[in-house]
Amino acid sequence: MGKIIDGKTLAKNIREEIKVEVLSLKEKGITPCLVVILVGNDPASEVYVNSKMRCCHELGIISEQFKLSETTTESELLAKIEQLNQDPSVHGILVQLPLPKHINKQKVIESINPLKDVDGFHPINIGRMMTGQDTFLPCTPFGIIRMLKDSGLEISGKYAVVLGRSEIVGKPIGQLLLNENATVTYCHSKTTNTADFTRLADIIIVAVGMAKYLKADQVKPGAIIIDVGINRLEAGLVGDVDFTPVSEVASYISPVPGGVGPMTIAMLMFNTIKATKGLTL
Ligand code: GUN
């Protein structure tokens, strides 16, 4: 039976560290401020945004939410972002994804001042991540790396397999694992022999968005399993890993809920403090 990686407790420890940083900034007369923009009424997005706002509140970070209607035009959204870019009291800007189809997501991401891009989605910040420079790292991949390190797990020299190649999780976590000197393979919906790779992997990151996708017979005994999935079934919330059987084979496994989710939010708080202190590009 593998050990459970308790993301909830690890994230709480990170938040305690951040709380101290917020207090010291406040002593200097600076209060960190994160603005979150939500366009439309996607129920999952509303839940995520509310958790982010609640976490800011807990840490003493000012958080402001702009809820824009589903019919907001791209130019209205871009004008709002420009106003926030210019506002020196705003340190971090986050536009919750997905956006309605009539809005060009890439154009919106690229309109955010890279120095306020706490999601780490701006191409400048992605480029800086790829070249291993100091920058805002995307929160979920950053949280996964932090989770592995805080659990005392070695990444260097390990064979890591990433299942999924989304812009938000799959692609960047592969890059961050490579930056930590892992050997990395990406598998995705067009990969024909995924299990041939996962059966060799020391670390498997599962971010495919399919309930209980990774099965125990696809995992090497002793592997480390990180589950990024959030699937809402009638029976409740489940990850992308068939948890109970896989946990029998793995050495370490992150649960859903209580794994990667709380880490993602903690790293958003970390990035907000980094933005407040000022990143030098
Ligand atoms: N939607 C799902 N995950 C994320 C995230 O990390 N950031 C933003 N902005 N939107 C998301």
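Every chain is numbered on its own, with residues counted from 1 as its sequence reads. Under the rules for a predicted model, residues below a pLDDT of 70 receive no local features and side-chain atom pairs below 80 are neither given nor counted, while totals for whole chains, interfaces and linings still include all residues. Only hydrogens and water are removed before side-chain values are computed, so all heavy atoms of the structure are retained for them.

A.B. asks: Could you clarify how one ought to interpret the nonpolar core in this entry?
C.D. replies: The tendency in soluble globular proteins is for nonpolar side chains to be buried side by side. Counting 52 residues, the largest nonpolar core has L177, I205, I226 and M269 as the members making the most contacts within it. Runs of E in the DSSP output that reach at least two residues are strands. Runs of H or I that reach at least four are helices, and both are numbered from the N terminus. When residues in this core are grouped by element, the largest group, nine residues, is from helix 10 (residues 260-277). Only buried residues count toward a nonpolar core, which is a set of Ala, Val, Leu, Ile, Met, Phe, Trp, Tyr and Cys residues joined through side-chain atoms within 4.5 Å. Exposure is judged per residue with a 1.4 Å probe applied to protein chains only, and the accessible area is read against the type maximum: over 50% gives exposed, under 20% gives buried, and values in between give partly exposed. The next biggest cluster of nonpolar side chains, apart from the first, holds 18 residues, and it includes V39, F66, I103 and F121.

A.B. asks: Looking at this model, I keep getting lost on the site of the ligand. Mind explaining?
C.D. replies: Neighbouring the ligand are the residues K52, L94, V95, Q96, L97, D119 and F121. Taking Q96, its side chain carries an N or O atom lying 3.3 Å from a nitrogen atom of the ligand. In protein, a polar contact requires one atom able to donate a hydrogen and another able to accept it; more generally it is a pair of N or O atoms within 3.5 Å, and residues adjacent in sequence count only if both atoms are side-chain atoms. One of the side-chain nitrogen or oxygen atoms of D119 is found 2.6 Å away from a nitrogen atom of the ligand. Relative to its unbound accessible area of 280 Å², the ligand is 83% covered by the protein chains. Each residue is assigned to one class: nonpolar for Ala, Val, Leu, Ile, Met, Phe, Trp, Tyr, Cys and Pro, charged for Asp, Glu, Lys and Arg, and polar for all the others, Gly among them. A per-class count over the shell around the ligand returns four nonpolar, one polar and two charged. In these notes, residues near a molecule or strand are those with any non-hydrogen atom within 4 Å of it. Residue burial considers only the protein chains on display, and all accessible areas are found by Shrake-Rupley using a 1.4 Å probe.

A.B. asks: What is the right way to look at the sheet that holds strand 6 (residues 183-187) in this model?
C.D. replies: What holds strands together in a sheet is hydrogen bonding between their backbones, with the strands either parallel or antiparallel. Pairs of strands are assigned from DSSP output, requiring at least two bridges between the strands. The six strands lie next to each other as 1-11-8-7-5-6, forming an open sheet whose pairing is parallel. Whereas interior strands pair on both sides, the edge strands pair on one side only; in this sheet they are strand 1 (3-4) and strand 6. Pairing between strand 1 and strand 11 (residues 252-253): two bridges, direction parallel. When the bridges of strand 11 are listed, K3 appears paired with Y252.

A.B. asks: Help me understand the pairing of strand 7 (residues 203-206) in this model?
C.D. replies: Walk down a regular strand and you will see the side chains alternate between the two sheet faces. Alternating residues of strand 7 divide into I203 and I205 and I204 and V206, and every residue in both groups is buried. Strand direction decides the pairing type here: strand 5 (residues 159-163) and strand 7, joined by four bridges, are parallel. If you follow V162 over to strand 7, its bridge partner there is I205. Taken together, the four bridges between strand 7 and strand 8 (residues 224-227) define a ladder with parallel strand orientation. Bridge assignment links I204 to a residue of strand 8, and that residue is I225.

A.B. asks: What am I meant to see in the side chain of Q96 here?
C.D. replies: Mapped onto the secondary structure, Q96 falls in the loop between strand 4 (92-95) and helix 4 (105-111). Taking the relative accessible area as the measure of exposure, Q96 reaches 7% and is therefore buried. A polar side-chain atom of Q96 sits 2.7 Å from a polar atom in the side chain of K52.

A.B. asks: How should helix 7 (residues 170-179) be read in this particular structure?
C.D. replies: Residue pairs spaced three or four apart in an α-helix point in one direction, given the helix's 3.6 residues per turn. The buried count for helix 7 comes to seven of ten residues, which makes it a mostly enclosed element. Along helix 7, the residues that are buried comprise G170, P172, I173, G174, Q175, L176 and L177. Close packing links the buried residues of helix 7 with helix 5 (123-130), helix 6 (139-150), strand 5, strand 6 and strand 7. A positive backbone phi angle near 70° is found at N181, which sits one or two residues after helix 7. Whether two residues are in contact is decided by their heavy atoms, any of which lying within 4.5 Å being enough.

A.B. asks: Help me understand the pattern of salt bridges in this model?
C.D. replies: Any two side chains of opposite charge can pair, so long as their charged atoms come close to each other. A pair is scored as a salt bridge if a Lys or Arg side-chain nitrogen falls within 4 Å of a carboxyl oxygen belonging to Asp or Glu. In this structure the tally under the stated criterion is 13 salt bridges. Note that K107 and E74 form a salt bridge whose closest N and O atoms lie 3.1 Å from each other. Taken together, the positions of K107 in helix 4 and E74 in helix 3 (residues 74-86) put the pair 33 residues apart, joining distant regions of the chain. By relative accessible area, K107 is classed as partly exposed at 46%. Relative accessible area serves as the criterion here: at 18%, E74 is assigned to the buried category.

A.B. asks: Would you mind showing me how to read the sheet that holds strand 2 (residues 33-39) here?
C.D. replies: One open sheet accounts for three strands, arranged 3-2-4; its pairing is parallel. The open sheet has two free edges, formed respectively by strand 3 (62-68) and strand 4, since each of these has just one partner strand. The sheet shows a mean angle of 15° between the axes of neighbouring strands, direction not considered. As judged from the four bridges shared by strand 2 and strand 4, these two strands associate in the parallel manner. The residue of strand 4 that forms the bridge with V35 is I93. Fitted lines through C-alpha atoms serve as axes, helices being fitted only where they are in contact, and the angles separating the N-to-C directions of these axes extend from 0 to 180 degrees. The strands touched by helix 2 (residues 43-59) are strand 2, strand 3 and strand 4; relative to strand 3, the strand with the most contacts, the crossing angle is about 160°. Helix 10 rests against strand 2 and strand 4 of the sheet, and its axis sits at about 125° to strand 2.

A.B. asks: Whenever I open this one, unusual backbone geometry confuses me. Can you help?
C.D. replies: Most of the time, phi is negative for any residue but glycine, and the peptide bond is trans. Cis geometry is found at the peptide bond from L97 to P98, where omega equals 5°. With respect to the secondary-structure elements, P98 resides in the loop between strand 4 and helix 4. That bond from V256 to P257 is cis: its omega, -5°, falls within 30 degrees of zero. For P257, the location among the structural elements is in the loop between strand 11 and helix 10. In the Ramachandran plot, N181 falls in the positive-phi region, its phi being about 70° despite a non-glycine side chain.

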